[in-house]
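Observations on chain architecture
This is what each chain is made of:
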Protein chains: 2
Amino acid sequence: MSVPNPYWLRDNCPCTECRDPRGGQKRFQIGDLPDGLTAVGAVEDATGLAVHWSDGHRSHYPAGWDAPAAPDERTEHAKRLWRAADFARGLPEADWAAYLADPEERIAVLAAVRRSGFALLRGVPAEPGRVLEVARSFGYVRETNYGELFDVRVEPDPANLAFTGLAIAPHTDNPYRDPVPTLQLLHCLRNDCAGGDSGLVDGFRAADLLRAEDPAAFALLARTPVPFRYRDRGTELAAEKPLIGLDPRGAIREVRFNNRSTDTAALRALSPAGLDAFYAAYRRFAAITLRPDLRLDFRLAPGDCLLFDNTRLLHARTAFETGDDSGDGTGHRHLQGCYADLDALSSTLAVLRRRTAALDELEELFEGEGAGEYLGEAVTLAAHMLQAAALARTAGAPPALVAAALLHDTGHFRGSGRELMAGTDNRHGATAAARLAPHFPPAVTEPVRLHVDAKRYLCATEPGYLDRLSPASVHTLALQGGPMSPAEAAAFAAHPFSADAVAVRRWDEAAKDPAAATPSFAEFRPLLLDSMR
Amino acid sequence: MSVPNPYWLRDNCPCTECRDPRGGQKRFQIGDLPDGLTAVGAVEDATGLAVHWSDGHRSHYPAGWDAPAAPDERTEHAKRLWRAADFARGLPEADWAAYLADPEERIAVLAAVRRSGFALLRGVPAEPGRVLEVARSFGYVRETNYGELFDVRVEPDPANLAFTGLAIAPHTDNPYRDPVPTLQLLHCLRNDCAGGDSGLVDGFRAADLLRAEDPAAFALLARTPVPFRYRDRGTELAAEKPLIGLDPRGAIREVRFNNRSTDTAALRALSPAGLDAFYAAYRRFAAITLRPDLRLDFRLAPGDCLLFDNTRLLHARTAFETGDDSGDGTGHRHLQGCYADLDALSSTLAVLRRRTAALDELEELFEGEGAGEYLGEAVTLAAHMLQAAALARTAGAPPALVAAALLHDTGHFRGSGRELMAGTDNRHGATAAARLAPHFPPAVTEPVRLHVDAKRYLCATEPGYLDRLSPASVHTLALQGGPMSPAEAAAFAAHPFSADAVAVRRWDEAAKDPAAATPSFAEFRPLLLDSMR
């Protein structure tokens, strides 16, 4: 093969000397690599690419390590650009209780925010402060001069258009902040006014239309920094950014659109012709954002919480009239909002997907290899682990320990079990713990890792324990090192997870009953997801 | 004069119909302006520019309204690019107690962070959690997956190089986050190891040097999005940004530099020649960041808190050895850090500057016009207000009320007092309140606004009050409307600040003693600053 740039290839060496196996963080700086670095040998086969370097280091790149990367998820290329009619069959929404209970619902909601720019949670209790709970379900609240949360309702002496009953045209929030809050949440506590409906416009779609209809105007807005400013007695925020932000490759990545806060005096720096061109482009873009086919209108009811991407979606509302509760048809409108950020939302989404994928993989193993023989016992490997989990559950063990019981023999999967049956210690406790570590905390992985040692410990310290072992377990005991010495037993007993490992071990021994009822793997999925936190 | 682009000019109309007078927010959207808008008349004189618009609107632009704007404060043009020798005479630093007590110290520290990218606070109590207090003294903590704050010390099972005793080369933090935290704080709780010194490098200076020495490499790094990634059991963060971020005009605005988190596999999308060029540029930039003359080294002692711009400065540390407290010369190193953002820091700085500028202006007025006659009384206007404030202070009034007493007659400044003396009600309570409103809360401005009404109220409701007024005060009473009617008095008494206004009024009447000791304006500056919050 032709070896690509040696610094790039070496920069990607996946060995544990070069990278932390947990987070994947590199352990060297690019400047640590010697000048004149070359590959003095390279062999590619089915397992991947082996490279011997001029400085003596050896790397092995597993097949597929350089699979094409996903595009930057923040640009237009990772989005579904929409117009109102695309939601004719319904908005991306979920019930708050279902969102909390079911990771698949959480994935659907967070993925909608990332892909379409928004989602609606229904049934969030219409109580003050709950909007913070929604934000914390996937990320972190971005506190600002408006507080952790802010109230949107008519105020007697409004410092901001938001706190009147006037209509507000589509805009993004806080363009005068840098970094701008990338997410906004609006939770409806009350909305029984005439008017006060909500509107959303896909700012990426609007920018995309401008690019198609007037490429010069698009280019001008993308390259003209616009000053934004907000000022009150305790605040003076300023930021300077183009209305349309592009990534270095020219893809749409951010929209800031808010005439209320545009400090246009500073645009004086443009030439007269530059001002003419800018204002023509600005007004053309503004007109696109007002096209009715782009605007998705809906009404927030008490308990609804809208989540949206503040770097992309423009939000708006119709005018409304508040009343005096006299029953004349005019009531009140009260939303609570807060800001948060997209990076944490995407992280939560990625971790949820990783976890459900890990569970899918485990479930497949239980149903595939798990249906095979378990070291000559009268139950299958899967039934054995499911019985152990059932025993732990019946015993009232905490979720992490039930998970440990369920997963304790997963080190036998992927063919490893055959080694032990063929007479080689496959160190299946350690293998399972290593495989589970990317997903589960020590409260799960440590009892799994130690459950073989627990057998050796119990055989050494508990009279009669060895006699109760199954013949297969006696057979493997020898391969695993036999009963512990007194010194080994003392060291084991001192381990913080030794009691949990012993508990798993006892369920392990008891979970070999061909007549016992065996639960399904699916039953344990919620518990496993909880244990992953 | 030649009128510039009409939409731009109209977009800047400062009238209260077009703009909220408090925050300056515009009350219209750019699309609300009619097509074909023109100026049908324009007159420029010493007061400014008056425009009559084709849609009937009239605008008046005060002279100087379009003064050239400051450059974007986040780019290189607003910074002092440095190398280590520039701090040979000392670091930008302040004592924590002085910083808290003295707005000028706060201004100096925050301005240093903005201009040089860092500052050091000394004497922050070396207690856990105090770093959050520092962040909240000027802004908001940015919570992340690492928590509100994070501990930097040697950990038994480190998931991150930061939690070892290894040296760390200059880098920025969290490049895998978008928005990246723009500020970092590091507070030293303990540092009695061998080693563990801190280092800072001005990343803007390093980028500037790269641009001068290898413009093609600079341009390549500025246009190549680099994927960054961080992953642990509960987190999966990814961002894609160039190592050198430019504003649309090509000015350096952001540096991300952290080989540990660079997900370089995704650079595979570049052509082989592109990879070669990128790695040559990357290594050239890395080599510049390691130049000794760029690196400022210093040692954090317990109580030191370093604040730095994480979009600009690279931070580093030397290796260190931790010990077992046996007195063999090796001890421990423990920092606590948190993230925050530059926009709030800049806002706090701007507001502090605005407040001290407002006090400077008031002090000048007290010393200038204030030395003049006060409505024919035996004291000057300044002495009158200072005596009123002294009386309020002696009476144990809260700071806001002392401030109100001090400022109650500032409506007479700027020549307004002459009107009243000439026989016209200058409505000086309302004038003063309006002038003070951008800086002071209602607890200060309302008693000021109402102190004339309080005289009319007291004359109507308190037997003998009128008889105790000075002749000048009796004279102006008539101009001001005379004693209140019963209906007026009832309305006044219902006002939430009527009692405070009455208190100010009584001190006002008593503060005309040519023999009384008169404090200086400077004495009240700290109290005035506190009252502005």
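Up top you'll find the structure we're talking about.
Scoring rules and cut-offs
- Residues numbered from 1 in each chain as written.
- Chains lettered and ligands numbered in written order.
- Predicted model: local features only at pLDDT ≥ 70, side-chain atom pairs only at ≥ 80, totals over all residues.
- Heavy atoms only, no water.
- Contact = heavy atoms within 4.5 Å.
- Buried area = accessible area lost by both parts, 1.4 Å probe.
- Salt bridge = Lys/Arg side-chain N within 4 Å of Asp/Glu carboxyl O.
- Polar contact = N/O pair within 3.5 Å; in protein donor to acceptor, adjacent residues only side chain to side chain.
- Helix = DSSP H or I, 4+ residues; strand = E, 2+ residues; numbered from the N terminus.
- Nonpolar A, V, L, I, M, F, W, Y, C, P; charged D, E, K, R; others polar.
- Pairing = 2+ DSSP bridges.
- Axes fitted to C-alpha atoms, helices over the stretch in contact; angles between N-to-C directions.
- Buried < 20%, exposed > 50% of the residue type's maximum accessible area, 1.4 Å probe, protein only.
- Phe/Tyr/Trp six-rings, centres within 6.5 Å; stacked < 30°, edge-to-face > 60°.
- Least-squares fit on C-alpha atoms with pLDDT ≥ 70 in both.
- Parallel < 35°, antiparallel > 145°, perpendicular 65-115°, else oblique.
- Left-handed = near helix turned anticlockwise from the far one by under 90°.

What about the interface of chain B and chain A?
The interface is formed by 92 residues belonging to chain B together with 92 residues belonging to chain A. Note on chain B versus chain A: buried area summed over both sides is about 7900 Å², and carbon and sulfur give 47% of it. Broken down residue by residue, the surface that chain B buries against chain A is led by Gln25, Arg233 and Arg283 of chain B, which jointly contribute 11%. For the salt bridge of Glu236 of chain A with Arg354 of chain B, the shortest nitrogen-to-oxygen distance reads 2.7 Å. Applying the counting criterion to the chain B and chain A interface returns 56 residue pairs in polar contact (both at pLDDT 80 or more). Contributions of two or more residues to the side of chain B that touches chain A are made by helix H1 (6-11), helix H6 (215-223), strand E11 (226-232), strand E12 (235-241), helix H7 (272-289) and helix H8 (342-367) of chain B. The dominant element in the side of chain B that touches chain A, judged by the number of residues it contributes, is H8 of chain B, at 8 residues. For the side of chain B that touches chain A, the residue count by class is 40 nonpolar, 20 polar and 32 charged.

Things to note about the sheet that holds strand E1 (residues 39-45) of chain A
Within a beta sheet, neighbouring strands are joined by backbone hydrogen bonds and run either parallel or antiparallel to one another. Residue and element names in this part refer to chain A. One open sheet accounts for 3 strands, arranged E1-E2-E3; its pairing is antiparallel. Every interior strand has two partners, whereas the edge strands, E1 and strand E3 (58-62), have only one. Neighbouring strand axes in the sheet, compared pairwise and without regard to direction, differ in orientation by 15 degrees on average. Where strand E2 (residues 48-53) and E3 come together, 5 bridges link them in antiparallel fashion. Residue pairing for E3: Gly48 is matched across the bridge by Pro62.

Some points on the environment of His315 of chain A
Residue and element names in this part refer to chain A. Within the secondary structure, His315 is located in strand E17 (residues 313-317). Look at His315 and you get buried, because its relative accessible area is 9%. A sequence separation of 19 residues divides His315 from Leu296, and the C-alpha atoms of the two residues are 9.5 Å apart. Sequence-distant contacts of His315, that is, excluding residues within four places in its chain, are made with Ala169, Pro170, His171, Thr172, Asp173, Gln184, Leu186, Gly199, Leu200 and Phe308. At a separation of 3.2 Å, a polar atom in the side chain of His315 contacts the side chain of Asp173.

Side note on the sheet that holds strand E6 (residues 150-152) of chain B
Residues and elements named next belong to chain B. With mixed pairing, 6 strands are arranged side by side in an open sheet as E4-E5-E16-E8-E19-E6. Edge positions in the sheet fall to strand E4 (93-95) and E6, since each of these pairs with one other strand and no more. Adjacent strand axes in the sheet meet at a mean angle of 25 degrees when their direction is disregarded. Sheet topology note: the strand E8 (residues 183-191)/strand E19 (residues 333-340) ladder contains 8 bridges and is antiparallel.

Description of the packing of aromatic side chains
Residues and elements named next belong to chain A. Counted according to the given criterion, the structure contains 34 aromatic pairs over all chains. Ring centres of Trp96 and Tyr99 lie 5.5 Å apart, and the angle between their planes is 20 degrees; this geometry places the pair in the stacked category. A residue pair is termed a helical-turn pair when its members lie 3 or 4 positions apart in one helix, as Trp96 and Tyr99 do in helix H2 (residues 96-101) at 3 residues. Judged by relative accessible area, Tyr99 falls into the buried class, the value being 0%.

Here we look at the relation of the copies chain B and chain A
The transformation that overlays chain B on chain A combines an axial shift of 0.0 Å with a rotation of 180 degrees, and the residual RMSD is 0.1 Å. When the rotation and shift are considered jointly, the pair of chain copies conforms to a two-fold rotation axis.

With respect to the packing of helix H10 (residues 399-407) of chain B against helix H17 (residues 498-510) of chain B
Residues and elements named next belong to chain B. As a packed pair, H10 and H17 sit with axes 10 Å apart at the nearest point and diverge in direction by 50 degrees. Classified by the interaxial angle, the pair formed by H10 and H17 is oblique. Crossing of H10 against H17: the hand is right-handed. Counted together, Leu401, Ala404 and Ala405 of H10 and Asp500, Ala503, Val504 and Trp507 of H17 form the full contact between these two elements. Its residues assigned to classes, the contact of H10 with H17 shows 6 nonpolar, no polar and 1 charged.

Overview of the pattern of salt bridges
Here the idea is simple: oppositely charged side chains can pair when their charged atoms come close. Per the counting criterion, the structure on display carries 86 salt bridges over all chains. Note that Glu76 of chain A is salt-bridged to Arg211 of chain A, the shortest N-O span being 2.7 Å. On the criterion of sequence distance, the pair formed by Glu76 of chain A in the loop between E3 and strand E4 (93-95) and Arg211 of chain A in helix H5 (residues 203-213) is long-range, its members being 135 residues apart. Classification of Glu76 of chain A by relative accessible area gives buried; the value is 10%. With relative accessibility at 24%, the residue Arg211 of chain A sits in the partly exposed group. The salt bridge involving Glu509 of chain A is made with Arg505 of chain A; its shortest N-O contact spans 2.8 Å. Here Glu509 of chain A pairs with Arg505 of chain A, and both are found in helix H17 (residues 498-510), just 4 residues apart, close to one helical turn. Residue Glu509 of chain A shares its accessibility class with Arg505 of chain A, and that shared class is buried. When salt bridges with common partners are traced through the structure, they connect Arg229, Arg231, Glu236 and Asp263 of chain A together with Arg354 of chain B into a single cluster.

Some remarks on the environment of Leu469 of chain A
Residue and element names in this part refer to chain A. By the secondary structure assignment, Leu469 is in the loop between helix H14 (465-468) and helix H15 (471-479). Since its relative accessible area comes to 8%, Leu469 is described here as buried. Between the alpha carbons of Leu469 and Pro483 there is a distance of 13 Å; along the sequence they are 14 residues apart. In this structure, Leu469 is in contact with Lys455, Cys459, Val474 and Glu509, ignoring residues within four places of it in sequence.

Remarks on H10 of chain B
Of all 9 residues making up H10 of chain B, 7 are buried, and the element is well covered by its neighbours. Summarising the contacts, the buried residues of H10 of chain B are in contact with H8, helix H9 (381-394), helix H12 (428-436), helix H13 (442-461), H17 and helix H18 (525-531) of chain B.

Some words on the environment of Thr47 of chain A
Residues and elements named next belong to chain A. Residue position: Thr47 is located in the loop between E1 and E2. Since its relative accessible area comes to 48%, Thr47 is described here as partly exposed. For the pair formed by Thr47 and Thr318, sequence separation is 271 residues and the distance between their alpha carbons is 61 Å. With residues near it in sequence (within four places) discarded, Thr47 still touches His60, Tyr61, Pro62 and Ala63.

Some details on the packing of H9 of chain B against H17 of chain B
Residues and elements named next belong to chain B. Contact pair H9 / H17: the axes reach a minimum separation of 8 Å and the direction vectors enclose 125 degrees. The pairing of H9 with H17 is recorded here as oblique in orientation. When the axes of H9 and H17 are compared, the crossing they make is right-handed. Taking contact as the criterion, the partners of His384, Ala388, Leu391 and Ala392 in H9 are, on H17, Trp507, Asp508 and Ala510. Tallied by class, the residues present in the contact of H9 with H17 amount to 5 nonpolar, 1 polar and 1 charged.

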